[in-house]
Structures are given as structure tokens and as C-alpha cells.
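Residues per chain, in single letters:
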Amino acid sequence: MDDRQLRDIESAAVEFAYGAGQILLDHFRKPLRVEFKGRDNRNPVTDADYAADAYLREAIARRFPDHAIISEETGSTEAASEFTWIIDPLDGTTNYLHGLPVFGVIITVVAGGRPVVAAIFTPSIREPAGVVTHARAGGGAFVGEERLDLRGELAPEADRMFGTLPVFFLRMFRFEKAVRRRLGDIRTSGSTAYESAMAAQGVFDYIVFDNSHIWDVAAGVLLVQEAGGVVMCKQGRNAKAWLPFDRFMVEGAGDSPTAAQLRDWRGSLIMGAPQAAPFIADGTVHRRYRVRRAWMRLKQRLPNLPSRPSPNPAP
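Since the model is a prediction, treat every value here as computed from it, not as a measurement.

A. Summary view of the overall build of the protein chain. Across its full length, the protein chain holds 10 helices and 18 strands. By residue count, 48% of the 315 residues in the protein chain fall in the buried class. Contacts spanning at least 24 positions in sequence make up 64% of the contacts within the protein chain whose residues lie at least 6 apart. Approximately 15900 Å² of the protein chain is accessible, and the part contributed by carbon and sulfur atoms is 49%.

B. Examining the environment of Thr84 more closely. Relative to the elements of secondary structure, Thr84 occurs in strand S5 (residues 83-91). Its relative accessible area of 6% is what places Thr84 among the buried residues. Expressed as a C-alpha distance, the spacing of Thr84 and Pro115, which sit 31 residues apart in the sequence, is 9.3 Å. In contact with Thr84, not counting residues within four places along its chain, are Ala68, Ile70, Thr108, Val109, Val110, Ala259 and Leu262.

C. Spotlight on the nonpolar core. By size, the foremost hydrophobic cluster in this structure holds 42 residues, and its most contacted members are Ile214, Phe248, Trp265, Leu269 and Met271. Per element, the largest residue contribution to this core is 9 residues, and it comes from helix H7 (residues 214-226). If you look at the next biggest cluster of nonpolar residues, it comprises 33 residues, including Leu24, Trp85, Phe103 and Ala111.

D. Spatial organisation of the side chain of Ser268. Relative to the helices and strands, Ser268 resides in strand S17 (residues 266-272). According to the relative accessible area criterion, Ser268 is buried, its value standing at 8%. Within the structure, Ser268 has its side chain in polar contact with the side chain of Asp210 (distance 3.0 Å). Not counting chain neighbours up to four residues away, the residues in contact with Ser268 comprise Phe173, Phe209, Asp210, Asn211, Met232, Cys233, Lys234 and Trp242.

E. Here's a closer look at helix H6 (residues 192-200). For H6, the tally of buried residues reaches 8 of 9 residues, placing the bulk of the element in the interior. Among all positions of H6, only Thr192, Ala193, Glu195, Ser196, Ala197, Met198, Ala199 and Ala200 are buried. The residue sitting at the N-terminus of H6 and contributing the capping side-chain oxygen is Ser191; that oxygen lies 3.4 Å from the backbone nitrogen of Ala193. Residue Gly202 follows H6 closely and has a positive phi angle near 85 degrees.

F. Structural detail: unusual backbone geometry. Here the phi dihedral of Asn211 falls at roughly 50 degrees; this positive angle occurs in a residue that is not glycine. On the secondary structure map, Asn211 appears in strand S14 (residues 206-213). Judged by its relative accessible area of 43%, Asn211 falls in the partly exposed class.

G. Inspection of the packing of H6 against H7 at higher detail. H7 packs onto H6 with a crossing angle of 5 degrees between their chain directions and a minimal axis gap of 9 Å. The pairing of H6 with H7 is recorded here as roughly parallel in orientation. Contact residues: Thr192, Ser196, Ala199 and Ala200 in H6; Asp216, Gly220, Leu223 and Val224 in H7. Of the residues contributing to the contact of H6 with H7, the split by class is 4 nonpolar, 3 polar and 1 charged.

H. Examining the side chain of Thr192 more closely. Note on placement: Thr192 falls in helix H6. Setting aside chain neighbours within four positions, we find Thr192 in contact with Asp91, Ile106, Phe209 and Asp216.

I. Geometry of helix H1 (residues 3-27). For H1, with 25 residues, the first-to-last C-alpha span of 36 Å sits near the 36 Å given by 1.5 Å per residue. Trailing H1 by a residue or two, Arg29 shows a phi angle of about 60 degrees, which is positive.

J. Spotlight on the sheet that holds strand S11 (residues 162-164). The mixed open sheet is built from 6 strands, whose spatial order is S13-S11-S14-S17-S15-S16. The open sheet terminates on both sides in strands that have one partner only, identified here as strand S13 (185-187) and strand S16 (243-244). In this fold H6 packs onto S11 and S14, with an angle of close to 145 degrees to the strand it touches most, S14. Helix-sheet contacts for H7 involve S14, strand S15 (230-235) and S17, and the interaxial angle to S14 is about 145 degrees.

Thresholds, definitions, all that
- Counting from 1, residues in each chain are numbered in the order their sequence is written.
- Per-residue local features of the predicted model are confined to residues with pLDDT of at least 70, and side-chain atom pairs are confined, for both listing and counting, to 80 or more; whole-chain, interface and lining totals are unaffected and use all residues.
- For side-chain calculations, the full set of non-hydrogen atoms in the structure is used, while hydrogens and water are omitted.
- Secondary structure counts use DSSP, requiring at least four H or I residues in a row for a helix and at least two E residues in a row for a strand, with both numbered from the N terminus.
- For each residue, the accessible area found with a 1.4 Å probe, counting protein chains only, is set against the maximum for its type, and the residue is called buried under 20%, exposed over 50%, and partly exposed in between.
- We call two residues in contact whenever any of their non-hydrogen atoms come within 4.5 Å of each other.
- For every accessible area listed, the method is Shrake-Rupley and the probe measures 1.4 Å; residues are considered covered only by the protein chains on display.
- Remark: nonpolar core denotes a set of buried residues (Ala, Val, Leu, Ile, Met, Phe, Trp, Tyr, Cys) joined through side-chain atoms within 4.5 Å.
- Counting of polar contacts relies on pairs of N or O atoms within 3.5 Å, with two restrictions inside protein: one atom must be capable of donating a hydrogen and the other of accepting it, and residues adjacent in sequence are counted only when both atoms are side-chain atoms.
- Under this scheme, a helix contributes an axis fitted over its contacting stretch, all axes are lines through C-alpha atoms, and angles between N-to-C directions fall in the 0 to 180 degree range.
- What sets the label is the angle itself: under 35 degrees gives roughly parallel, over 145 gives roughly antiparallel, 65 to 115 gives roughly perpendicular, and the rest give oblique.
- Any residue that is not Ala, Val, Leu, Ile, Met, Phe, Trp, Tyr, Cys, Pro, Asp, Glu, Lys or Arg is counted as polar, Gly included; the first ten are nonpolar and the last four charged.
- The span one expects for a helix is its residue count, reduced by one, times 1.5 Å.
- DSSP bridges decide pairing: two strands pair if at least two such bridges lie between them.

So this is what it looks like as C-alpha cells:
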């Protein structure tokens, strides 16, 4: 792998992100057929998702026929290649369905478990055709042609921070007092594409993702790192500490996970400005649901017990 090869892949990823973005814009605020992947009418999928997905898969296969592809919507393909394209053709579908222009297209290329190219399309109030935030390993991060640099951001104690948390984050984690007092202003946008692009651009000082899929976060990892930011990660069943991100690790996969193995990756990440992300990570710990865990162990022995114990965590 050399820089010229990555330049070619990055150029293609930017082109494909714009192309899929135009499909989404063409369908935006128009009647759509909606399906649901989850129970209780959760995880919607629309005609726009499938149209953008078909475009991306065809474009990638035509330009890079030997590369593997993972799509959130249509599974994965295996190929004898060091490169795997990971795509989310429409991130933020609920926002999109309700006419909220906070959504995006996420494209990442992974080699050896590490993201090496990223491109995220998002709508823009300044650019009718939207913008693409993109990066390649060792080549820096850009929004359009503008280079991004997070290294001049202020320390957490020097300014009021601006960050994002997922809706259910506080059910699984809690903040130590020193961090809790300095979280600043918090938002939940409903789109990891949007939040990742904004973090790389320095709009958000930090962003937090809990138990996320690889197609949601892989591009943001590279964008933030190449912009000079920091990514802290918890991955694996028994992970307790937040560690600087190195690669996507899948249990039993070694240093070069396959596309199918990468598809199974789940993890939690905190990323953003160089001082903000480690500061948030240092004061963020898992909640200890001792009563619930004891109840679940008892439930395994006595299956006729009620299924849900008290929701209150131990202090």
C-alpha cells in the first residue's frame, strides 16, 4: 500500500459519497416506502437507503472489483484483497424521514483492521449539493479542499465544550464528578455521519458512541485522527479501560479480520479535539448494575422468575 494507491481510493470514495448524496437529496422530502428492521417500528429503511446502497455497491465493484464490501443494508462480500469498503448509504434515516437535514452517507476503506480512507457526505446550508469530509491515512483530513486541524483547540478547562452523547449512553456509563461539571453543552443529533464530520471540522469538541457498529464509526475514526484529534476506544467483551484507538479488533480474527468478521465488530468510542476526548474518557466509567446482574444469574437457574429486576444501578 502506497500513498498514490490511497490517493486513488480516496478520490473514488469522495466521488462515490457525492453520488450517493445526490440520490438522497433527490429523494428528500418526497414520498418513500418504509420498512423496519427492528421491533416496535425501529430502524427504518427507505427506498432512498436502497437506491444509494445499490449505487455505491455497483460503483465500488466496477472501479475496484477485487475489493470486499460491507454494507449496513445488504450484507458483505468476500474478496481476496487487503481492502474492505464499509458503507452506510443513509445514516440518520429517522431524521431523513421527518424532513430534518441532519443525515449522511458514510464510506470507509479498511486495511488490516485499520481505516485508511474515509468520506462522509452531509447536507450543507451553504452548498446546495452538500459537502464531503474526507481523509486518507497519512494524508490529512479535508472538507472539500479545506484542510482540517484540531490541534489548536482549547483545553476543556479553558472554554465551555460542545459535545454529543447517544440517547441511551447514561444507562451504561456515568461521569466522574470532575468531568460531569465540564461536559459543556450536549446535543444528540441522531446521525453518526453528521456528528463525525462536525467533530473532524472542530464544531463538536467531543463525540461519544456506545456499542456502535463499524459502519457507523470507522470513517469518523480516521477523519478525527487525520485532523489531529484523538480517538479513545473500548472494544471487546471485557474491555474496562479507554485506550487510544489502534485498529478494529474482532475476537479470534487476528490482525487482518475478514469482511464478515469486521461486520460483527461492536465498540464504544470517544473522539474529538486532542485534549477534550481524553479528558472525557478519563472520567467516563461503566455503571455497575449489581442487582440486575445478580438477578440474571438467578434467572438462569430459575427460569420462571420475572424477567426484569429493578432498574436502579448500584451507586
